[in-house]
Every structure is written in structure tokens, then in C-alpha cells.
Amino acid sequence: MTEIDLKRLPKHIAIIMDGNGRWAERHAMGRILGHKNGAESVRAAVRTCRRIGIRYLTLYAFSMENWLRPEAEVSALLNLLKEYLENEVQEMMDQDIRLVAIGNLDSLGEPILSKINEVSARTSRNRGMTVILALSYGGRDEIAAAARRMVGDCLAGKITPEKVTKELFADYLYTAGLPDPDLLIRTGGEYRISNFLLWQMAYTEFYFTEVLWPDFRERHLLKAVEDYQKRERRFGRTSEQLKT
Ligand code: IPE
Ligand code: IPE
Ligand code: MG
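Predicted, not measured: the structure shown is a model, and the values here were computed from it.

**Q** Would you explain the pairing of strand S6 (residues 205–208) in this entry?
**A** Here is the key point about a regular strand: its side chains alternate between the two faces of the sheet. The two faces of S6 differ: Glu205 and Tyr207 on one face are buried, but Phe206 and Phe208 on the other face are not. Where strand S5 (residues 183–186) meets S6, four bridges bridge the pair, whose relative direction is parallel. Bridge pairing links Arg186 to Phe208 in S6.

**Q** Would you mind showing me how to read the site of ligand 1 here?
**A** Close to ligand 1 lie Met17, Asp18, Gly19, Asn20, Gly21, Arg22, Arg31, His35, Ala61, Asn66, Arg69 and Leu77. Here an oxygen atom of ligand 1 sits 3.1 Å away from a polar atom, N or O, in the main chain of Asn20. Measuring from an oxygen atom of ligand 1, one finds a side-chain N or O atom of Arg69 at 2.7 Å. Relative to its unbound accessible area of 380 Å², ligand 1 is 86% covered by the protein chains. Of all the secondary structure elements, the ones that give two or more residues to the shell around ligand 1 are helix H1 (20–26) and helix H2 (31–52). Top element by residues in the shell around ligand 1 is H1. It accounts for three residues. The residue makeup of the shell around ligand 1, split by class, is three nonpolar, five polar and four charged.

**Q** Would you mind showing me how to read the sheet that holds strand S3 (residues 97–102) here?
**A** By definition, the strands of a sheet pair up through backbone hydrogen bonds, in either a parallel or an antiparallel sense. Across the sheet, six strands lie side by side as S3-S4-S2-S1-S5-S6; this open sheet has parallel pairing. With partners counted over all chains shown, the strands left at the sheet margins are S3 and S6, one partner each. The average undirected angle you get between the axes of adjacent strands in this sheet is 20°. Here five bridges tie strand S1 (residues 12–16) to strand S2 (residues 56–63), and the two strands are oriented parallel to one another. Note on S2: the bridge partner recorded for Ala14 is Thr58. Across the face of the sheet, H2 comes into contact with S1, S2, S3 and strand S4 (129–137) while running at roughly 165° to S2. Contacts from helix H7 (residues 218–229) reach S1, S5 and S6 within the one sheet, and its direction differs from that of S5 by about 135°.

**Q** Is there a simple way to explain the site of ligand 2 in this structure?
**A** Residues in contact with ligand 2, as listed here, are Ile16, Met17, Asp18, Tyr60, Ala61, Phe62, Ser63, Asn66, Arg69, Arg186, Arg192 and Ser194. With respect to ligand 2, the side chain of Asp18 contributes an N or O atom lying 3.1 Å from an oxygen atom. At a separation of 2.9 Å, an oxygen atom of ligand 2 approaches a polar side-chain atom of Asn66. For ligand 2, whose free accessible area comes to 390 Å², the fraction covered by protein is 79%. Looking at the shell around ligand 2 element by element, the count peaks at four residues for S2.

Rules used throughout
Residues numbered from 1 in each chain as written. Chains lettered and ligands numbered in written order. Predicted model: local features only at pLDDT ≥ 70, side-chain atom pairs only at ≥ 80, totals over all residues. Heavy atoms only, no water. Buried < 20%, exposed > 50% of the residue type's maximum accessible area, 1.4 Å probe, protein only. Helix = DSSP H or I, 4+ residues; strand = E, 2+ residues; numbered from the N terminus. Pairing = 2+ DSSP bridges. Near = heavy atom within 4 Å. Polar contact = N/O pair within 3.5 Å; in protein donor to acceptor, adjacent residues only side chain to side chain. Areas by Shrake-Rupley, 256 points an atom, 1.4 Å probe, with all protein chains shown as cover. Nonpolar A, V, L, I, M, F, W, Y, C, P; charged D, E, K, R; others polar. Axes fitted to C-alpha atoms, helices over the stretch in contact; angles between N-to-C directions. Contact = heavy atoms within 4.5 Å.

Remember, this is a structural readout, not a statement about activity or role.
So this is what it looks like as C-alpha cells:
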């Protein structure tokens, strides 16, 4: 049985949901069916996080680089996303879950964009948990977009270069106002960040598992949290300093 301490939970968990394609291959199915089965794992992760009391859950659903995939796979992924939003909005209301989307959302086009706006607006006053969907998201793109807007504000005289601090810069990111992830989980056995939350993960704890995303269930998530709770987050200090 997994033993987790409910008083020392990560406030924010981020997940790179990887391995749908390989899962499909193993089950002699097309990649798209892998993504379809992955949707069930998304539901399970949201439910589990809500149940144990995680405040923020960020899910990497579609990267900037994923646009390079075959067109049929891209449109299948976007369709699944739309279906997911349609099917889950009631559950989000029942569970007091707020939905936030981050990324280059305009590039998703209609009708996805309106669906995202509709669900975000409808759930905006929910406070039980925040689910952040990273869509058409790239960490470097986010940083460049933030720099672009900040320079614009400088030129418009709204801020001066001396005012630029890491806190001010963070306010220009898609994640303005959201806490940094405490724990990153990546399924599917790859050991890389793939352009996810580069700025925000400066001090995040990383957890990698071979489990493919469509197989990832509550017990796997609880195991990741248990592992996280065994770690000492020193933030540059010494172990002794933390004890006093
Ligand atoms: C993750 O699974 C889903 C997305 C990237 C959208 P993959 O489709 O990357 O699965 P693998 O890595 O090919 O197995
Ligand atoms: C990362 O997975 C993106 C998402 C999970 C949405 P990828 O499968 O696209 O990552 P790489 O290309 O293997 O690094
Ligand atoms: Mg992959």
C-alpha cells in the first residue's frame, strides 16, 4: 500500500503524458487509439489529485513541436481535446475544478479555441483544484512571447528596464499567478523535458517512470507522490540549515 502524508503534499504536480504511441503499438493498434486510451488516464489523474487534495495539476497535452506530426494525428489529438472538454465540464463543476489553458492558444483555431474559452469561463470561480492544460505549448516560445510583451511595455513607457526582476518577468508568462510545480512526472520512459515549463521548473523535483501514459493510474500517481515525500528540498541550503 502506498503511504502518503496528506499534510506534505506537493501543491502543484505537472505531468508530461508520454507513451501513447508505444502503448498503441504494443496493443497492435494505431497511434490515435493510443491517444484515445490516454484520455482515461487524464480523467484518473484529475480525480486522484482532487481526491487527495492537490491544488494545481498541469498536464502537457500538446507541445509546439507536436505540430510537426502527421496531419491526421494532429487533428485527431485536437478532436480528442475538444471531446474531453465537452465530456468533462460537468464533472469539473461538480468537483469544483477550475480549468486554465496555457500555450499559443490562438494557433489551435476554431472551434477548439471557443470551447477552451467557454470551459475556462464556466469554471473560473471554482476553487477546489486548478487543472492547467498546456496546449500548443513550448517553454522557449513562452519565454520569447513574455520578453516580446515586456519589451513592448518598456517601449510604451509602462515599465523601465531597472524594474525588470525575475518576479516581474514571471508575470508576463502564461503561468502568471500560478505557483511553480513542486513535482514533475514524466511517463513513457524518456528522460527529458521536451520544452515544458522551462522557467517554472527551476526547483521542481523530477520523477520518471517507464509506465506508458494509457496505463498510468491512481496507484502510479500515489507512488510518485510517495517518492517526492522522501526527498529533501534544499533550495541551495545545507541539510543542517533545514533542520534548525
Ligand atoms: C504522448 O504520447 C502524447 C502526445 C505527445 C500528444 P506520444 O504520442 O508521444 O507517444 P510515444 O512517445 O510515441 O509513445
Ligand atoms: C512531450 O512528448 C509532449 C507531450 C506529452 C504533449 P513528446 O513525445 O512530444 O516528446 P519528445 O518529442 O519525445 O521529446
Ligand atoms: Mg512521445
